[in-house]
Amino acid sequence: MPERVVTVVPEDGLHARPASVFVETANEYDSEVKVGPEDGDLVNAASMLSVTGLGVSGGEKVRISAEGEDAEEALDALEEVLSTPEDEL
Amino acid sequence: MTERRFEGIGVTPLSGVGNVVWYAPDADLDDPPDPSEVDADAETARFEEARDAAREELERERERTAERVGEDEAAVFDAHVQFLDDPQITDGVEEQIAEGLPAEHAVQRTFDRFVEQFEGMEGRMAERADDLRDVRDRLVRVLSGGERVNLAELEKGSVVFAERLTPSDTAQLDPERVAGFVTVTGGRTSHAAIFARSLALPAVVGVGEELNEVEDGAEVVVDGTDGEVIVDPAEETRKAAAEEEEAEIRSEPVATADGVEIEVAGNVGTAADLGPAADRGADGIGLFRTEFLFLDRQSPPDEEEQYETYVDALETFSDGRVVVRTLDVGGDKPIDYLDLPDEENPFLGERGIRRSLGPDSDLFETQLRALLRAAASDAGGDLAVMLPLVSTVEEVTAARERLELFADDLEREGIDYALPEFGVMVETPAAAFMAEDLTSQVDFFSIGTNDLAQYVMAAERGNERVAELGDYTQPAVLRAIRATVEAAEGTDVWVGMCGEMAGDPDLTELLLGLGLDELSMSAVTVPQVKQAVTETDTGDARKLAEKALSAGTKDEVRRVLTENTKS
């Protein structure tokens, strides 16, 4: 299953707006997308509760995985969200 | 009846008077019926319908908030919609329904589990608990057919009292009707506080449980400056607060009683402040702090991004002037990607223009190029560039030379540009002493009173132990202001003031008497200051200023001002 590890750029991590954009993006793809700590359990990336519940801060690394036909595209898009400072989202 | 005073955290420098309306949106649910009486399919359908209705409400509220407050504040509703549609919530509710609960109980129970989970976490996570409660209450209300207590249609002069106000609650408050709000919980950075500032509503938060003693309908003064809530106020207290509240919003420029036009502008910290400043009647922007463009990010904004921001500001004030202060960082304002030195006295260290002409000269170039280009845009407003923390004539000459040099570069590159007005912030005693020599170099001065008071009095701002010294009514500060204005007299240089002092309507007459042409302040006090300008006669003001300038102590200055108000 394609996956990658990305450093979270938005300073406040996966909360509020960045989390919101992240979940929205995950929902745009057919693939099943998951996110979680670099070496921990992954949760459903299309769930705002799960994503904010991870408590990921800016500067931390997360692992994202995707399964489905558009998996690579989904990962590209999510990596982009995670690499963009909050005020540019 | 004696006054009762409650202390909280004031979040806007405004006062309001009105009558208490307790807002308690959460209705307790009755006990759930016997599971055998619950039709699971029907309940699931009810839940889905309620979810659609709630989503529509949220979308409407998002739109309204984006219009009235700003896109950033509206974004919170996106998160609400996502919680509403969250698969964990949907699954949870459906499970509870399958176990025999009616939809509203299933919603309550499912959300509460997550609320509890988020409440136990720190900082930003605890805020998510608030969002979840907000979504939960909305769904439960829709399901139980309850009308929302319509905060948007309260009687004029209502002061909303609540345990706490959610973003949805605050978004409904209509500043035309609501005289202010007070909450039991909350801090300066809570959603409610941010909304209060954006909407220019008097507000006090975090008063604590004792607020619950206050009865519905009681008369109350909300003092957002001192963070006080005064119940059953004495006539004098009430009058003082009511007078402040009366200032109407004037969107046209104002003049003194004897016809001298005075520009009253707003200070902005972020692009989101532009709209509210215009709504409060600011004639332009007297201080556009550009730090926010550079903070909280990994690399500096490029020329294009800055250009667009400046043009946005000019479009917002297409009949006015926008004074952009070049990047003022150093010492106390850390930025990761700038290599700022560790200094023993950051306030006296490498900051403001000192960095722009030194280690940050690349950033300075990008910023000046963006400003030169913005000055040529057809956005309407007039652009002015202002240098922070100037203390020598050479600094100003050097900065001016760079501006002209970059203009030449743009010319060669065939890019449109125009030379903006060029000025300095007078905030060091050196700049005030050298003002006469600076007049040949600049189009304007803007006196930054917070820093000027700090440096003239050698009393660090923000250090409460020396707050008495750092007060801008100290005679030494007044004399530094006068020296600056005097230097500009008889020249084309105009003199403005940005900072807390300019926004104090009790001092407007004095400032006009000292000879200022422009006053710039946080948007909330623009109407009061405009009002004060129209009530000022410049002849009287000059006499008042003379008296104040001859005072030898701060107490004497205050006495001169008080006596003047009484007569």
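Residues numbered from 1 in each chain as written. Chains lettered and ligands numbered in written order. Predicted model: local features only at pLDDT ≥ 70, side-chain atom pairs only at ≥ 80, totals over all residues. Heavy atoms only, no water.

For chain B, an unreviewed UniProt entry supplies the name Phosphoenolpyruvate-protein phosphotransferase and the organism Halogeometricum luteum. Checking UniProt for chain B, the heading Catalytic activity (unreviewed entry) contains the comment "L-histidyl-[protein] + phosphoenolpyruvate = N(pros)-phospho-L-histidyl-[protein] + pyruvate". Looking at the Cofactor (unreviewed entry) heading of the UniProt record, one finds this comment for chain B: "Mg(2+)". (UniProt positions renumbered as here; feature names shortened; annotations may be inferred.)

The name given to chain A in an unreviewed UniProt entry is HPr family phosphocarrier protein, with Halogeometricum luteum as the source organism.

Engineer: Honestly, the overall build of chain B in this entry has me stumped. Any pointers?
Structural biologist: Secondary structure summary: chain B contains 23 helices and 17 strands in total. Within chain B, the fraction of its 567 residues that count as buried is 54%. Carbon and sulfur atoms form 44% of the exposed surface of chain B, whose accessible area is close to 24700 Å². (Helix = DSSP H or I, 4+ residues; strand = E, 2+ residues; numbered from the N terminus. Buried < 20%, exposed > 50% of the residue type's maximum accessible area, 1.4 Å probe, protein only. Areas by Shrake-Rupley, 256 points an atom, 1.4 Å probe, with all protein chains shown as cover.)

Engineer: How should the overall build of chain A be read in this particular structure?
Structural biologist: Check the secondary structure of chain A and you find 3 helices and 4 strands. For chain A, the α and β elements follow one another from N to C terminus as β-α-β-β-α-β-α. Across the 89 residues in chain A, those meeting the buried criterion constitute 49%. Residue pairs in contact within chain A that sit at least 24 positions apart in sequence constitute 73% of those at least 6 positions apart. When the accessible surface of chain A is totalled, it reaches about 3900 Å², and 40% of it is carbon and sulfur. (Contact = heavy atoms within 4.5 Å.)

Engineer: Would you mind showing me how to read the sheet that holds strand E3 (residues 43-44) of chain A here?
Structural biologist: Pairing between sheet strands relies on hydrogen bonds along the backbone, with the strands arranged either parallel or antiparallel. Residues and elements named next belong to chain A. Overall, antiparallel pairing links the 4 strands, which are arranged E1-E4-E2-E3 in an open sheet. Both edges of this open sheet fall to strand E1 (3-7) and E3, since each of them pairs with a single strand only. Bridge count between strand E2 (residues 32-37) and E3: 2 bridges; the pairing is antiparallel. Residue Lys 34 lies in a different strand from E3, and its bridge partner there is Asn 44. (Pairing = 2+ DSSP bridges.)

Engineer: Help me out: how do you make sense of the packing of helix H1 (residues 40-68) of chain B against helix H5 (residues 103-119) of chain B in this one?
Structural biologist: Helix packing for two helices is described by the angle between their axes and how far apart those axes are. Residues and elements named next belong to chain B. Relative to each other, H1 and H5 sit at 65 degrees, their axes nearing to 9 Å. Packed against H1, whose contacting residues are Glu 43, Arg 46 and Phe 47, the element H5 presents Ala 103, Glu 104 and Val 107 at the interface. Class assignment for the residues of the contact of H1 with H5 results in 3 nonpolar, no polar and 3 charged. (Axes fitted to C-alpha atoms, helices over the stretch in contact; angles between N-to-C directions. Nonpolar A, V, L, I, M, F, W, Y, C, P; charged D, E, K, R; others polar.)

Engineer: For this particular structure, what's the right way to read the interface of chain B and chain A?
Structural biologist: Interface extent is often summarised as the accessible area lost during association of the parts. Across the boundary between the two partners, chain B contributes 21 residues, which contact 21 residues of chain A. Together, the buried faces of chain B and chain A total about 1700 Å²; carbon and sulfur atoms form 54% of this surface. There are 0 salt bridges connecting chain B and chain A. Summed over the shared surface of chain B and chain A, the number is 5 residue pairs in polar contact (both at pLDDT 80 or more). (Buried area = accessible area lost by both parts, 1.4 Å probe. Salt bridge = Lys/Arg side-chain N within 4 Å of Asp/Glu carboxyl O. Polar contact = N/O pair within 3.5 Å; in protein donor to acceptor, adjacent residues only side chain to side chain.)

Engineer: Got a minute to help me understand the packing of helix H1 (residues 16-27) of chain A against helix H3 (residues 71-82) of chain A in this structure?
Structural biologist: All names here are of chain A. Contact pair H1 / H3: the axes reach a minimum separation of 10 Å and the direction vectors enclose 175 degrees. One way to sum up the angle between H1 and H3 is to call them roughly antiparallel. Residues Pro 18, Val 21, Phe 22, Thr 25 and Ala 26 of H1 form the contact with H3, whose own contacting residues are Ala 77, Leu 78, Val 81 and Leu 82. (Parallel < 35°, antiparallel > 145°, perpendicular 65-115°, else oblique.)

Engineer: Hey, could you run me through the nonpolar core in this one?
Structural biologist: The nonpolar side chains of a soluble globular protein tend to be buried, and buried together. Core analysis: the largest hydrophobic core is formed by 90 residues, its most contacted members being Val424(B), Phe445(B), Leu478(B), Ile481(B), Met497(B), Leu510(B) and Leu519(B). Excluding residues within four positions of it along the chain, Met497(B) makes contact with Ser446(B), Ile447(B), Thr449(B), Ile481(B), Ala502(B), Leu511(B), Leu516(B), Glu518(B), Leu519(B) and Ser520(B). Membership of the second largest hydrophobic core comes to 71 residues, among which are Ala66(A), Phe83(B), Phe114(B) and Leu139(B). (Core = buried A, V, L, I, M, F, W, Y, C linked by side-chain atoms within 4.5 Å.)

Engineer: Sorry, what's going on with the sheet that holds strand E4 (residues 158-162) of chain B here?
Structural biologist: Residue and element names in this part refer to chain B. Spatial strand order, E1-E8-E7-E3-E4-E5-E6-E2: 8 strands in an open sheet with mixed pairing. The open sheet has two free edges, formed respectively by strand E1 (4-7) and strand E2 (9-10), since each of these has just one partner strand. Sheet topology note: the strand E3 (residues 15-23)/E4 ladder contains 5 bridges and is parallel. Of the residues in E4, the one forming a bridge with Asn 19 is Ser 158.

Engineer: Explain helix H12 (residues 303-316) of chain B to me, please; I cannot follow it from the model alone.
Structural biologist: At 3.6 residues per turn, the α-helix brings residues three or four places apart onto the same side. All names here are of chain B. If you check H12, its first and last C-alpha atoms are 20 Å apart, about what 14 residues at 1.5 Å a residue would give, namely 20 Å. Within H12 the residues assigned to the buried category are Glu 303, Gln 306, Tyr 307, Thr 309, Tyr 310, Val 311, Ala 313 and Leu 314. Tucked into the core, H12 has its buried residues touching helix H10 (274-279), strand E11 (285-289), helix H11 (291-294), strand E12 (321-325), helix H14 (361-375) and strand E13 (382-387). (Expected span 1.5 Å × (residues − 1).)

Engineer: Looking at this model, I keep getting lost on the pairing of strand E5 (residues 178-183) of chain B. Mind explaining?
Structural biologist: Residues and elements named next belong to chain B. Extensive coverage of E5 is indicated by the burial of 6 of its 6 residues. In terms of strand pairing, E4 meets E5 through 5 bridges, oriented parallel. When the sheet's bridge partners are listed, Val 159 is paired in E5 with Gly 180. Viewed along the sheet, the connection from E4 through helix H7 (residues 167-172) into E5 turns out right-handed. In this structure, E5 lies alongside strand E6 (residues 203-205), joined through 2 bridges in parallel fashion. Of the residues in E6, the one forming a bridge with Val 182 is Val 204. (Right-handed = clockwise from strand over helix to strand, strands pointing away.)

Engineer: Sorry, what's going on with the side chain of Ser47(A) here?
Structural biologist: Topologically, Ser47(A) is positioned in the loop between E3 and helix H2 (48-53). Note on Ser47(A): relative accessible area 0%, which makes it buried. A polar side-chain atom of Ser47(A) sits 2.6 Å from a polar atom in the side chain of Asp86(B).

Engineer: Please explain unusual backbone geometry as it appears in this structure.
Structural biologist: A negative phi angle is the norm for most residues apart from glycine, just as the trans form is the norm for most peptide bonds. Residues and elements named next belong to chain B. A positive phi angle, close to 55 degrees, is found at Leu 389, a residue other than glycine. Assignment of secondary structure puts Leu 389 in the loop between E13 and helix H15 (393-413). Of note in this structure, Ala 458 is not a glycine but carries a positive phi near 50 degrees. In this structure Ala 458 comes out as exposed when scored by relative accessible area, which is 70%.

Engineer: Which parts of the structure should I look at to understand a negative patch on the surface?
Structural biologist: Residue and element names in this part refer to chain B. Together, Asp 302, Glu 308, Asp 312, Glu 315 and Asp 378 line one region of the surface with negative charge. Considering the arrangement of structural elements, one finds Glu 315 in helix H12. When its relative accessible area of 47% is taken as the criterion, Glu 315 is described as partly exposed. (Patch = residues over 30% accessible without salt bridge, like charges linked within 9 Å, V, L, I, M, F, W, Y side chains within 5 Å. Lys, Arg positive; Asp, Glu negative; His and termini not counted. Charge placed at Lys NZ, Arg CZ, Asp CG, Glu CD.)

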